[in-house]
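# Coordinate inspection notes
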Amino acid sequence: MIQLADKAVDELMKKFFKNYTNWCKFFRRKNSIRLPCVKQDAQQYKILYIGLYLLIWGEAANLRFMPECLCYIFHHMAYELHGVLTDAVSTKTGEKIMPAYGGGSESFLNNVVTPIYGVIYEEAAKNKSGTADHSTWRNYDDLNEYFWSPDCFEIGWPLRLDHDFFCVRPVVNCKFKKARGLLDAEKEKCKGEEMEDEEQGVNKWLNSHKHIFSKIDSLIK
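Okay, so let's go over this structure. (Residues numbered from 1 in each chain as written. Predicted model: local features only at pLDDT ≥ 70, side-chain atom pairs only at ≥ 80, totals over all residues. Heavy atoms only, no water.)

Moving on to the pattern of salt bridges. Per the counting criterion, the structure on display carries 5 salt bridges. A salt bridge links Glu123 to Lys126; the shortest N-O distance between them is 3.3 Å. Here the two residues Glu123 and Lys126 agree in accessibility, since each one is buried. We note a salt bridge from Glu123 to Arg138, for which the minimum N-O separation is 2.8 Å. One end of the pair, Glu123, is in helix H4 (residues 107–125); the other, Arg138, is in the loop between H4 and helix H5 (140–145), and 15 residues separate them in sequence. Look at Arg138 and you get partly exposed, because its relative accessible area is 23%. When salt bridges with common partners are traced through the structure, they connect Glu123, Lys126 and Arg138 into a single cluster. (Salt bridge = Lys/Arg side-chain N within 4 Å of Asp/Glu carboxyl O. Buried < 20%, exposed > 50% of the residue type's maximum accessible area, 1.4 Å probe, protein only. Helix = DSSP H or I, 4+ residues; strand = E, 2+ residues; numbered from the N terminus.)

Right, here's the structure in full:
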């Protein structure tokens, strides 16, 4: 029974974490699934890692369409889980590793899922029911592709909500932009015509009063 249980757990580990381990290999980073040497303890750790992944998946909502984004989240949370289980100390802070998001019953949903989903929602709103040019907005694939880039680690953990990833840029209406350009061009044209008319008017006035200026000039001499 113990051997059967070990095999079942190992099969689940392969199924759930195949993509995650490939993701870590792609970045040449050590994965966060750390197992103790004692076999019985190792099985408990495996079950905890599986449980953690299922909890992330259960709260992920539409983030489930972004598998590499889930890899990023699991990577950091698995590291924290191992730190808590082993009372590990952070090399950065010198303090015991603790979960970045904890304390509240909906902390993960509010602080991790919601900000990322907010980006998805705002970007989807920019596609105007599929009529907008794809270059003006990011879909699931575009957002998920970011987590195939080393730049994704700049988002940090806890998430840096001031990072460019969370910045949804407004769409520039091409028709409005074109119309504004034509309007500006027309204004410049009118301005040029006004200057030309003004110059012609001055010349006309000078020509009409030329005889007066010539008389004044002769009187002076």
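What follows concerns the packing of helix H2 (residues 39–59) against helix H3 (residues 67–86). Contact pair H2 / H3: the axes reach a minimum separation of 10 Å and the direction vectors enclose 140°. The orientation of H2 relative to H3 falls into the category oblique. H3 is crossed by H2, and the crossing has right-handed handedness. Of the residues in H3, those touching H2 at Tyr45, Leu48, Tyr49, Leu52, Tyr53, Ile56 and Trp57 are Leu70, Ile73, Phe74, Met77, Ala78, Leu81, His82, Leu85 and Thr86. Grouping the constituent residues of the contact of H2 with H3 by class yields 14 nonpolar, 2 polar and no charged. (Axes fitted to C-alpha atoms, helices over the stretch in contact; angles between N-to-C directions. Parallel < 35°, antiparallel > 145°, perpendicular 65-115°, else oblique. Left-handed = near helix turned anticlockwise from the far one by under 90°. Contact = heavy atoms within 4.5 Å. Nonpolar A, V, L, I, M, F, W, Y, C, P; charged D, E, K, R; others polar.)

Take the packing of H3 against H4 next. Remark: H3 packs on H4, axes separated minimally by 12 Å, with the N-to-C direction vectors making an angle of 150°. The orientation of H3 relative to H4 falls into the category roughly antiparallel. H3 and H4 meet at a crossing whose hand is right-handed. Residues Cys69, Ile73 and Met77 of H3 form the contact with H4, whose participating residues are Phe108, Val112 and Ile116. Within the contact of H3 with H4, the residues separate by chemical class into 6 nonpolar, no polar and no charged.

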